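# Chain and residue survey
Each chain, letter by letter, is given below.
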Protein chains: 2
Amino acid sequence: MPRPAATRRSDEAWGPRLGRVGSWGRAGSDALHLARTLIEELQRQGVPPGEPLPDRGPVLPGDSRLGDDARRALERHAVTSTDPAVRYAFSYGKSLPDLLAARGQLPDGIDPVDAVVRPTTADAACALLASCAADGIAIVPVGGGSSVVGGIEPLRRNPDQPVVAIDTTGLAGVHGIDEGSLLAEVGAGTYGPRLEQELGRWQLTLGHIPQSFEQSTPGGWIAARSSGQQSLLVGRIEDLTAGLVLATADGLVTVGGLPAASEGPSLLEAILGSEGTMGLITSATLRVRPRPARMHFSSLVFRSFGEAADAIRALVRSGTRPAIVRASDATETAFSVFGALGDGNVRAVVERAARSTGYDEAALVTCISAGGHGEAQQVGSAAEALLRSHGGRPIGSRPARKWYASRFLQPYARDALLDAGYLIDTLETSVRWSRLERLHDDLSNALRAALGERSLVACHISHAYPDGASLYFTLAAPVPAGGDPLERWHAAKQAAAAVISAAGAAASHHHGIGSMHADILGQRIPDGPARRAHQSLRDALDPTRTCNPGKLLDGDVAGTPVNRVRLQAPPPGAR
Amino acid sequence: MPRPAATRRSDEAWGPRLGRVGSWGRAGSDALHLARTLIEELQRQGVPPGEPLPDRGPVLPGDSRLGDDARRALERHAVTSTDPAVRYAFSYGKSLPDLLAARGQLPDGIDPVDAVVRPTTADAACALLASCAADGIAIVPVGGGSSVVGGIEPLRRNPDQPVVAIDTTGLAGVHGIDEGSLLAEVGAGTYGPRLEQELGRWQLTLGHIPQSFEQSTPGGWIAARSSGQQSLLVGRIEDLTAGLVLATADGLVTVGGLPAASEGPSLLEAILGSEGTMGLITSATLRVRPRPARMHFSSLVFRSFGEAADAIRALVRSGTRPAIVRASDATETAFSVFGALGDGNVRAVVERAARSTGYDEAALVTCISAGGHGEAQQVGSAAEALLRSHGGRPIGSRPARKWYASRFLQPYARDALLDAGYLIDTLETSVRWSRLERLHDDLSNALRAALGERSLVACHISHAYPDGASLYFTLAAPVPAGGDPLERWHAAKQAAAAVISAAGAAASHHHGIGSMHADILGQRIPDGPARRAHQSLRDALDPTRTCNPGKLLDGDVAGTPVNRVRLQAPPPGAR
């Protein structure tokens, strides 16, 4: 095997990545403006800032645990680095605990990976996995690194085990298009914008646009069962994935590739959602579609969140298919759905309309359609008419346009809020329609009780299906002075888990399990045949348990993951 | 545990089932008329009858292998029968080999099950499985018993192993409706007509209508990844199944129940398609919808099958959603799509239209829409307009109405054709659009070569998706005098398997694998991590390998299954 042009110089392979570890990324002026407005608004509504949590600079790791022999073995297959700055850059996702740990704000932080490797072929990925399996090294697949649930938290079976991050972004690009079948073969590590840009050359689009779009990849979307903002039109990543290739230590596994089949259990659906625990997804066959020529924007105000939810339920069951439909509860509506906050005109429109319905309960609905010339307008008008017939009052297109234009800004604004002393996070679930309103109320109450009176708990429906919908919460509270900055966060997550579990709702609708929700999933799937089935599947594909320790149902790791939500209240006196 | 009111009298629990083992069922006058017309037409087109294969009467089994102790153990949990007539009734599906074996027309027939049990609760199903697992007894779950791929063929690990059929039709009925979420809890053994009748009380429908509808159940649909005629509107059974309960020897496994979630691999999608090899599906949560008030029927003729396929592709990618769209190739069109054969008027309309396009290649398209008042008409008109814009010539609604009215008759007619000396069967697959026309041509040629010049090979597209479609073939040929009546069938299936495999097409689109396609699937998934993953999943849920031996990837059975397609040509001189 030819030795690749291995380089240990961080800046060649990884330069662009090194600057944004303790934050979502470099915020532009729009994001900073949004953050300032949000902080003003939080204060106006009685949520004061607390102890600031600024970035104290990179928490550079000490010596790598990787031995020289093991390192040379990796270098045979891929560019490999043990540079502390590179290891630091690949050890944190974008969860709140990740950000705090990366900022040096957690006393027991994250123990970073011992090396980073960057394969550029699927065969090299297999060879790396085989090498790590043979040498007892754990691996963590890292694409865009945007997990907000500890999906890439480096965890070890024992404190001495080396952990290697496999950077998948060397497996990038659109490798082929079957125009007749509207299928695209894409590298698992292709960032969202590059993927859409390359597909654009054929006038095609995937249309999978999660909020992490700029910083995430198909490998991550598939591994986490992601859902994009346009799920109503294009489906979830499960619907968009026709097939995939998974690298394992024992070779490549190719699954799927058919429009539909009756060929036994779906291994594709077993690897979808495997969160890096079964191997490394190297490429996927994705269902693409013609790029829409036009979009249509509608905003409506309803008397209550419940009324808005009923209208959305009716819409998703109709033959009319907008790309996006969202309903904000009263709190989120009062915040003009966050993104629009900085726009005084939009804000005035929403407030006036909301006040006319009885301000306290008003719910803003955003409906966006996409399609060919004429089609977007036609679908959008039909959707708006349906929403009006269910009680919605149209307030023009501007709030929806503003939300659309600012839809990627919120995570950048989060950084500024942490700097200012606000604990800020999101939390999401899904449930059948008949339990949705009750769950919204119960979760809102439980979260407010846990976060304290001076907190923000706002919610919207972000994804809707004929039988149910998702609820997406945004939380903000002052960081208490002294002590564990995550104490209230743990209390809120634990309270939410109890309510979600009692309601038969999802541990996650689209963020995933990672290390954060592992105990919650474990409680849902206790010892028994179902758990054994999950475990056996993983054991078959990763018998050495090399891949992404501590995620999903795997609790067999050293120490306590920074991201893990503790389900039991800590004993009195314990931190 | 109280002893159920066990009865060994066949007629109480199983009476209605005993009469139709070697046939699809009791044919009505419409089916008999269709059969007569089909036979006339086959002869007119140069396909003469061969050696008749009449039903020689029940092939009643000898002594049951079930010991007294094991039998008493079963009787503690469910009505149990070792009556030869009952055992005979539960030992055959509806494949061509099954029918011939049941008719006493195969020298090496099927060795029937040793008992039949009929649990009426999920707990009883678990107890039965545990009892069989402990006693080394194999089980075969049997719902409607309509498998055409040997899905319920009773197979044994060794010649002395007892096999018990578990009749699931005691687990029947709609147990609950969540109207707000459009979800129905249904017993796995509910026959299609009863299910739709019970849902009708709420003005709801599932809308899953496979051709086997009258003789099949949700448990079977789910186990075999079934697809109904209205899949374009309602989806496949995978889309309709929100959750299910699986009885295993180690207890019940409850999976799914959410509209969508990001909670790791989907165990639901692993049990979907498990064909009884992981346990027994006892109930399911199904996505239902308001019963449509109206239907709309269109028929169009295209210049060629390829042009019709292109039009259907455009239709399924549009926002217009009819319930059913089918395209018949030239041969099937010449037969007026079989069902309409007996209607001289319809036939004249189709022939006239076809001739006007150049008779040899004309393709008939059937398009049927369903929906509320006004909606069916609106969707139907839009679909027809789209098909016209792609070259279709409308020929009124009558051929489509006739097909719809006769859509369940064809399997009944098959029986009369066997009686008359025609080997008749169907075969289906799916593939991406870019390979569809080529696959149609290659499969047609391979099947004609295998069946001989005096044969019928007709095809239609029955299910369409944005990235591909299914091809459904109907085959007829004279039964050769003397020798193995299945010899040509084996040659045809083997030839088809080679073409399908080379094209990257599905071993089955909706019939399943069963014992028939097990070697084909095995060839597709050779030893390696993917195969181990499949096997491990099964081992986790059925560690004693009690459930449905010899199906899917399981080749570890005594003897050669009657249904198994032999992939290797037999050695010279062998039968």
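## Observations concerning the interface of chain B and chain A
If you look at the interface, chain B gives 69 residues, while chain A gives 69 residues. Summed over both partners, the interface of chain B with chain A comes to about 5,000 Å²; 56% of that surface belongs to carbon and sulfur atoms. Across the contact surface, chain B and chain A share 8 salt bridges. The residue A:Asp250 makes a salt bridge to B:Arg532 at a minimum N-O spacing of 2.6 Å. Here chain B is connected to chain A by 37 residue pairs in polar contact (both at pLDDT 80 or more). In terms of residue count, the dominant contributor to the side of chain B that touches chain A is helix α21 (residues 529-541) of chain B (9 residues). The residue makeup of the side of chain B that touches chain A, split by class, is 31 nonpolar, 22 polar and 16 charged.

## Re the packing of helix α3 (residues 68-75) of chain A against helix α6 (residues 122-135) of chain A
Residue and element names in this part refer to chain A. Where α3 meets α6, the axes come as close as 9 Å, and the angle between the chain directions of the two elements is 165°. Judged by the inter-axis angle, α3 sits roughly antiparallel to α6. The chirality of how α3 crosses α6 is right-handed. When α3 is examined against α6, the residues Ala70, Ala73 and Leu74 are found in contact with a partner set consisting of Leu128, Ser131, Cys132 and Asp135.

## Comments concerning the packing of aromatic side chains
Tallied over the full model, the rule gives 10 aromatic pairs over all chains. Ring geometry for A:Trp403 and A:Tyr404: centres 6.4 Å apart, planes at 55°, overall tilted. With a centroid separation of 5.3 Å and 65° between ring planes, the pair formed by B:Tyr88 and B:Tyr92 is classed as edge-to-face. Considered together, B:Tyr88 and B:Tyr92 belong to a single accessibility category, that of buried residues. Connected via pairs of aromatic rings, a cluster forms that spans A:Phe297, A:Trp403 and A:Tyr404. Looking at A:Arg407, its charged tip hangs above the ring of A:Tyr404, at a distance of 3.9 Å from the centre.

## Digging into the environment of A:Trp24
All names here are of chain A. Relative to the helices and strands, tryptophan 24 is located in the loop between α1 (10-14) and α2 (29-44). Residue class for tryptophan 24 comes out buried when judged on its relative accessible area of 4%. A C-alpha to C-alpha distance of 30 Å links tryptophan 24 and glutamate 75, two positions 51 residues apart in sequence. Once residues lying within four places of it in the same chain are set aside, the contact partners of tryptophan 24 are Lys94, Ser146, Gln211, Ser212, Gln215, Pro411, Tyr412, Arg414 and Asp415.

## Structural notes on the relation of the copies chain B and chain A
Overlaying chain B with chain A gives an RMSD of 0.0 Å, the required rotation being 180° about an axis along which the chain moves by 0.0 Å. Considering both components of the superposition, the chain copies are consistent with a two-fold axis. When the interface residues of chain B are mapped onto chain A, 100% of them again fall at the interface, so both copies present the same face.

## What about the side chain of B:Glu275?
All names here are of chain B. With respect to the helices and strands, the residue glutamate 275 is situated in the loop between α11 (267-271) and β10 (280-287). Within the buried core, glutamate 275 has no salt-bridge partner, and the shortest N-O distance to an opposite charge, that of lysine 551, equals 7.7 Å. There is a polar contact of 2.7 Å between the side chain of glutamate 275 and the backbone nitrogen of glycine 514. When near neighbours in sequence (up to four residues on either side) are disregarded, glutamate 275 contacts Ala223, Ala224, Gly512, Ile513, Gly514, Asn548 and Leu552.

## With respect to the pattern of salt bridges
Opposite charge on two side chains permits them to pair, given that their charged atoms come into close proximity. Counted under the stated rule, the structure contains 58 salt bridges over all chains. For A:Arg545, the salt bridge identified is with A:Asp554, shortest N-O distance 3.2 Å. Accessibility expressed as a relative area gives 24% for A:Arg545, which makes it partly exposed. Relative accessible area serves as the criterion here: at 2%, A:Asp554 is assigned to the buried category. Its salt-bridge partner being B:Arg72, residue B:Asp69 comes within 2.9 Å of it at the nearest N-O pair. Of the two residues, B:Asp69 and B:Arg72 both sit in helix α3 (residues 68-75), 3 residues apart, roughly one turn of that helix. A relative accessible area of 60% places B:Asp69 in the exposed class.

## Some remarks on the sheet that holds strand β6 (residues 183-187) of chain B
Residue and element names in this part refer to chain B. Taken in spatial order, the 5 strands of this open sheet run β5-β6-β10-β8-β9, and their pairing is antiparallel. Where the open sheet ends on each side, the last strands, each with one partner, are β5 (174-178) and β9 (251-256). Between one strand and the next, the sheet's axes are offset by a mean angle of 15°, whatever the strand orientation. As paired elements, β6 and β10 share 5 bridges and run antiparallel to each other. The residue of β10 that forms the bridge with leucine 183 is arginine 287. Its contacts with the sheet place helix α6 (residues 122-135) against β8 (241-248), β9 and β10, and it is angled at close to 45° to β8.

Criteria and cut-off values
Residues numbered from 1 in each chain as written. Chains lettered and ligands numbered in written order. Predicted model: local features only at pLDDT ≥ 70, side-chain atom pairs only at ≥ 80, totals over all residues. Heavy atoms only, no water. Contact = heavy atoms within 4.5 Å. Buried area = accessible area lost by both parts, 1.4 Å probe. Salt bridge = Lys/Arg side-chain N within 4 Å of Asp/Glu carboxyl O. Polar contact = N/O pair within 3.5 Å; in protein donor to acceptor, adjacent residues only side chain to side chain. Helix = DSSP H or I, 4+ residues; strand = E, 2+ residues; numbered from the N terminus. Nonpolar A, V, L, I, M, F, W, Y, C, P; charged D, E, K, R; others polar. Axes fitted to C-alpha atoms, helices over the stretch in contact; angles between N-to-C directions. Parallel < 35°, antiparallel > 145°, perpendicular 65-115°, else oblique. Left-handed = near helix turned anticlockwise from the far one by under 90°. Phe/Tyr/Trp six-rings, centres within 6.5 Å; stacked < 30°, edge-to-face > 60°. Buried < 20%, exposed > 50% of the residue type's maximum accessible area, 1.4 Å probe, protein only. Lys NZ or Arg CZ within 6 Å of the ring centre and 35° of its normal. Least-squares fit on C-alpha atoms with pLDDT ≥ 70 in both. Lys, Arg positive; Asp, Glu negative; His and termini not counted. Pairing = 2+ DSSP bridges.

Function-wise, these values are silent; they only describe arrangement.
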